[in-house]
Structure formats: structure tokens, C-alpha cells
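# Reading the structure
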Amino acid sequence: MSLLIKGGTVVNADRSFISDVLCDNGKIHRTAEGIDAPSGCEVIDAAGQYVMPGGIDPHTHMQLPFMGTVASEDFYTGTAAGLAGGTTMIIDFVIPNPQQNIMEAYRQWREWAEKAVSDYSFHVAITWWDESVHKDMGTLATRHGVNSFKHFMAYKGAIMADDEVMVNSFSRALELGAMPTVHAENGELVFQLQKKIYEMGITGPEGHPLSRPPEVEGEAANRAIRIAEVLGVPLYLVHVSTRQALESIVRARNEGQRVFGEVLAGHLLIDESVYRDPDPESAAAHVMSPPFRSKEHRDALWAGLICGNLQTTATDHCCFCADQKAAGKDDFRKTPNGTAGIENRMEVLWHHAVNTGRLTMNEFVKVTSTNAAQIFNIYPRKGSIAPGADADIVVWDPQASKTISAKTHKQNVDYNIFEGMKVKGCASHTISAGKLVYANGELRAERGAGRYVDRPAFPPLYDAVQRRARMKVPQAVKRR
Ligand code: URP
Ligand code: ZN
Ligand code: ZN
């Protein structure tokens, strides 16, 4: 089954060029000008449009059981909404309960994900520690293509990883050539501040950001970075939302540490005042962690993205409808944390980054696809328009415009944090594994067509980092 995209401009992370793109058997077969369509080949007219690697959202939570409920978007509806916005792959999270066998949780998430319409992969969260976790991390990395392990430094009493868990897990990740990742918020501080604010009589959503001030993220980010430095392991920080966390990343990178940062489209664009919305339902709909921030932080995040200190963009797509958010109506601490965005990430970023001149089109491709593919070791299978790569492609119409709304979005949630935002530049066609799955508003996604993507560990990096770690420990001892 072949498909030809004709007359467009290919935009990769490194360059743009006028080219047709012929896809066959799920792969990109050829890029050249003037390719004739083989017989029976479906043809897409891309004149005046850009042909880019499909987006990779490296941070989603489909049908996550969380805070007493389950996220409303499942792997079918969520990946379909992604395709409608030009995102052709997600990296979701297996999150075992403390004491739950890691392999059991992994198998559970694999089963849930079988209905996905686009390709997917999993980071696995380390929420507790014993010898079985040590062994299972090895099994996941060597036999199941898991090369990243997540640590929630927040959510005390639930899935929080303390320093002991992190040090053990980071050390094991180093042995395996895997990437530790962190949700950086000091869980103890959040817990104490939540209690204090609630006891002061602030019980509504406005209490949420007050209990998670920027310093709480800055402390945890810096702690995780310094732990990674001592152990000599690389580190990836998810949803960086503050100037303080970014400053820790920048300092570490300037010192030669391999530290990567992800920023959410929502954190770049939405102001903290949403928590003071007189409509409590709307305020609760924005409750996520870390919370949306003030302009000072958004400006810092934009600067970080522009200069390359933040490498990836994500959504943390984790949907809860109004009836689920209502669990926190009298106590903000009980509001399920999470917001949606997988359908809108590419278009809001294009509009606010490319149309404004903050990023070039090639840089847009980097931060929406290629960098994630490289950091998580699936490049050039993903993140590139080149012969041999998976035919995961978005055809982008820079002239198309729309107004984002929950009334028209395909996401399975009753609220859109970008409600009313007008954007220029949208996906006109999305191709997943060589098949046209979205065309001008119409989804043709096939339940279960998505494939699990193995992400191999990084053995050469592992050797090099280990050598550095061995040198580093005596030096640190000597300084003291
Ligand atoms: O509020 C959020 N972000 N919910 C999902 C879980 C997480 O912290 O990433
Ligand atoms: Zn998080
Ligand atoms: Zn998350």
C-alpha cells in the first residue's frame, strides 16, 4: 500500500527542501522532486504546504488511574486526538502503585494501550525500591525497550519517590544506559503548604498554586540535578515550569552535565490568574502540577526553548471532566491534577513560536519531534523525513486558521485550556505508518493500529558516563 505526498516542502530539523515523499509499507521510501505515483497509490496534494515529521509527545497519561479516578481520555481517543493535531507518537507512563510489581504494572499498561491508533512507548515510573525493582528495571531495559525511568518527587503518600529511591534508581539507570526523568516538586513542602493554606480557609482552586510556589520546583530540580551529577548519570526534567528550575538546568549544562528539559505548551501560554477565575469549574479545570505560572516564568521558558536549554515540548495530556474535578470542590487538595492538550500542542506552538519569529520551522520540528526522538533513542526511525524512517508525517497548512474550542475538539474531555485561542497554521493531513489517518477535519484512525515502539538503551553513553563517574567521586572527596 503506497502513498505519495506531492508538491510540498519537506521541513526537517536540519533543513528544508522542495520534495515529493513516497511512502510504502509503512516507511518513507523515497524523497525527490517529480516522483510519479505508482499504480494504485493514494496521492495527497501538498502544494503550498509543509511536510514535517509527525509530532512526538513525550509526556502523556492516557486512562491514568489517579487521585481516586481515571483520566477520561483512553489510548484510543487520546491517540486519535493526537493525530488530528499532527502528533503521531506518544510516550506515556507506566505508574506502578508503591509495592506493586513493576512488570505487572508494565503488562497492565501494555494491555490498555493495545487500542491506540498511533505508535506509542512507555517511560516506567519508579515509585518504590527493593531488589525486585532493581531486577525489573534490567528486564525492562534489556528485553522490553524501556530506556527511561520516571521519578515523581511530589505526590507524598502516593507515588512520591524519596531521595533513597531516586539514588538507587538513578544508579541502576546508569548501569543500564537508561535515562532517569523527574517531576521536580518538593513533595514534603507541597504537603505542608497545602495543609497550611487549607487551614487558613483557602479551600478552592486558588489554593493550588499557593501550595506549589516556584521555589518548590526549583529546590527539587536542583536536588535531582545534583544527585545525577554525583552519580554521573544524565537527567531529563519533565514539565519545567519555573525560572528557578530552568536556572538549575542552565547552570548544570554550562558545567558540562547532560541535563535535558521539557516544557509544556500550557506552561508557555497560560497565566496563573486562571486559578482565580470567578467560575470555580473553570479554575478547577486548570488544576495541574506544576501549576500555570506568571509572565516572569513564561518569559524564562520561552527564552529556554529558543536558546536550546529546553529541548522538547509536551502536553502532560491527563484529562479529567468537570464531574471528576468536582471531587475537589470543597478542598483543592482533592482535585484530580491534570489538563489536556495533545490535539493542540503543534498548532499553538506553531502560532506562538513560528508565526512570531521565536523559532524557525526547522527549530519547530526539533522541539516537537526530532529532539524527543534523539533524547529517547528512536531517531531516525522517528523524527525525520528520510528514506527508511517510519512514515509518520504531518502535512501542515500554514494558511489554515481555526479557533480552538472544547465544543469542536476531538479530545475526550469537556474543557480546553486554550479555549477561544485563534491559531494560524494547522495539520491538514496526518499520516501514521504510511496510512492517511486524518484529512481536513476527518479522522480515519483505525483502533489498534498503533504499535509499541522499543527504545533501546544507550550502551556507548553508559560506558563514557561510567568512566566519568569513576573519576568524579575521588575528586569530590578530595575537595572536602
Ligand atoms: O497534574 C499533572 N501533571 N497530572 C499528571 C501527573 C503528573 O504530575 O505528571
Ligand atoms: Zn508530573
Ligand atoms: Zn505527567
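Right above here is the structure, for reference.
Below is a short write-up of the structure.

Conventions we followed
Numbering of residues begins from 1 in every chain and follows the order in which that chain's sequence is written. Whichever chain is written first is A, and whichever ligand is written first is 1; the rest continue in order. Since the coordinates come from a predicted model, pLDDT governs what is reported: local features require at least 70, and pairs of side-chain atoms require 80 or more to be given and counted, while whole-chain, interface and lining totals use all residues. Neither water nor hydrogens contribute to the side-chain values; these are computed over all heavy atoms in the structure. Patch definition: residues with relative accessible area over 30% and no salt bridge; like charges joined within 9 Å; nonpolar side chains (Val, Leu, Ile, Met, Phe, Trp, Tyr) joined within 5 Å. Where accessible areas are quoted, they stem from the Shrake-Rupley method and a 1.4 Å probe; at the residue level, only the protein chains shown are allowed to cover. Throughout this description, the term salt bridge denotes a Lys or Arg side-chain nitrogen within 4 Å of a carboxyl oxygen of Asp or Glu. Just so you know, the count uses Lys and Arg for positive and Asp and Glu for negative, and it drops His and the chain ends. Where a charge lies is defined by one atom per residue type: Lys uses NZ, Arg uses CZ, Asp uses CG and Glu uses CD. Numbering of helices and strands runs from the N terminus, with a helix taken as a DSSP run of H or I at least four residues long and a strand as a DSSP run of E at least two residues long. Three labels apply to residues, based on accessible area from a 1.4 Å probe with only protein chains included: buried if under 20% of the type maximum, exposed if over 50%, partly exposed otherwise in between. Think of a 1 Å grid over just the protein atoms. A cavity is a set of points where a 1.4 Å probe fits yet cannot get out, a pocket is an open set with protein on both sides within 12 Å along at least five of seven lines, and lining residues have an atom within 4 Å of a point. Grid points are joined across faces, edges and corners, and a volume is the space filled by probe spheres set on the points. Nonpolar residues are Ala, Val, Leu, Ile, Met, Phe, Trp, Tyr, Cys and Pro. Charged residues are Asp, Glu, Lys and Arg, and all others, Gly as well, are polar. Water is not among the atoms examined, so metal sites may look incomplete; donors are the N, O and S atoms within 2.8 Å of the metal, or within 3.2 Å for Na, K and Ca. All geometry calls rest on donor angles, where a four-donor set with angles between 85 and 135 degrees is tetrahedral, four- and six-donor sets with opposite donors more than 155 degrees apart and all others between 65 and 115 are square planar and octahedral, and all else is irregular. Only strands that DSSP links by at least two bridges are regarded as paired with each other. We call a residue near a molecule or strand when any one of its heavy atoms sits within 4 Å of it. The term polar contact refers here to a pair of N or O atoms within 3.5 Å; inside protein, the definition further demands a hydrogen-donor-capable atom paired with an acceptor-capable atom, and it admits residues adjacent in sequence only when both atoms are side-chain atoms. Just a note on the criterion: a molecule sits in a pocket or cavity if more than half of its atoms are within 2 Å of the grid points. In plain words, nonpolar cores are sets of buried Ala, Val, Leu, Ile, Met, Phe, Trp, Tyr and Cys residues tied together by side-chain atoms within 4.5 Å. Working rule for contacts: check all heavy atoms of both residues, and any pair within 4.5 Å makes them a contact. Side-chain rings of Phe, Tyr and Trp (the six-membered ring for Trp) are treated as a pair once their centres are within 6.5 Å; stacked means planes under 30 degrees apart, edge-to-face means over 60, and tilted covers the remaining angles. By the criterion adopted, a ring carries a charge over it if an Arg CZ or a Lys NZ lies within 6 Å of its centre and within 35 degrees of its normal.

Taken together, the side chains of D277, D279, E281, D323 and D414 make up a negatively charged region of the molecular surface. Examined against the element boundaries, E281 turns out to sit in helix 10 (residues 280-285).

Here we come to the pattern of salt bridges. Enumeration according to the criterion identifies 27 salt bridges in this entry. One salt bridge in this structure joins E217 and R293, with 3.4 Å as the shortest N-O distance. One end of the pair, E217, is in helix 7 (residues 214-231); the other, R293, is in the loop between helix 10 and helix 11 (295-307), and 76 residues separate them in sequence. Given the relative accessible area of 2%, E217 is considered buried. Several salt bridges converge on common partners, so that one network encompasses K27, D119, R381, K382, D390, D392 and R451.

Moving on: empty space enclosed by the protein. With the rule as written, the count across this model stands at four cavities of 30 Å³ or more. Estimates place the volume of the largest cavity at around 120 Å³. Together, 17 residues line the largest cavity, and H61, F66, Y155, D316 and N337 are the ones closest to its centre. Split by residue class, the lining of the largest cavity holds eight nonpolar, seven polar and two charged.

Take the coordination of the zinc ion (ligand 2) next. Distances from the zinc ion (ligand 2) to its protein donors, namely H183 (ND1) and H239 (NE2), fall within the range 2.1 Å. What the four donor atoms of the zinc ion (ligand 2) show is an angle range of 57 to 146° at the metal, which sorts the shape as irregular. Between the two metal centres, the zinc ion (ligand 2) and the zinc ion (ligand 3), the spacing is 3.6 Å. Here H239 lies in the loop between strand 13 (235-237) and helix 8 (243-254) and H183 lies in strand 12 (residues 179-183), a separation of 56 residues in the sequence.

Attention now moves to the pairing of strand 9 (residues 87-94). The element strand 9 is extensively covered by neighbouring structure, given that eight of its eight residues are classed as buried. When strand 6 (residues 55-60) meets strand 9, the two strands line up parallel, connected through four bridges. By the bridge assignment, T60 is partnered in strand 9 with D92. In this sheet, strand 10 (residues 119-125) lies alongside strand 9 in parallel orientation, the contact comprising six bridges. Among the inter-strand pairings, V94 is bridged to a residue of strand 10, identified as V124.

Close contacts around ligand 1 come from H59, H61, F152, Y155, H183, H239, M288, S289, D316, C318, N337 and G338, and that covers them all. Measuring from an oxygen atom of ligand 1, one finds a side-chain N or O atom of H61 at 3.2 Å. Within the side chain of Y155, a nitrogen or oxygen atom sits 2.6 Å from an oxygen atom of ligand 1. For ligand 1, whose unbound accessible area comes to 260 Å², protein coverage reaches 100%. At a threshold of 2 Å from the grid points, most atoms of ligand 1 map onto the largest cavity.

Which parts of space are left empty comes out when a probe the size of a water molecule is rolled across the atoms. What the largest pocket holds in volume is close to 530 Å³. As for the largest pocket, its lining consists of 25 residues, of which F66, M67, Y155, K156 and A158 are closest to the centre. Sorting the residues of the lining of the largest pocket by element identifies strand 7 (65-66), helix 2 (102-112) and helix 5 (187-199) as the ones contributing at least two each. The element contributing the most residues to the lining of the largest pocket is helix 5, with five residues. Of the residues assigned to the lining of the largest pocket, the class counts are 15 nonpolar, six polar and four charged.

Among the nonpolar cores identified, the biggest contains 102 residues, and F170, V182, L237 and F418 are the most heavily contacted of them. Setting aside its immediate chain neighbours within four residues, F418 contacts A265, G266, L269, I270, G341, N344, V348 and I404.

This part covers the packing of aromatic side chains. What the rule picks out here adds up to 14 aromatic pairs. On the numbers, 6.0 Å between centres and 65° between planes, the contact of Y120 with F122 is edge-to-face. The class of F122 is buried, set by a relative accessible area of 0%. For the pair W350 and W396, a centre-to-centre distance of 5.5 Å together with 45° between the ring planes defines the contact as tilted. You can see W350 sitting in helix 13 (residues 345-354) and its partner W396 sitting in strand 16 (residues 393-403), a full 46 residues away along the chain. By relative accessible area, which is 2% here, W350 ends up buried. Chaining the aromatic ring pairs together yields one cluster made of F75, Y106, Y120, F122 and Y452. The ring of Y452 has R110 lying over it, and the distance from NZ or CZ to the ring centre is 3.6 Å.

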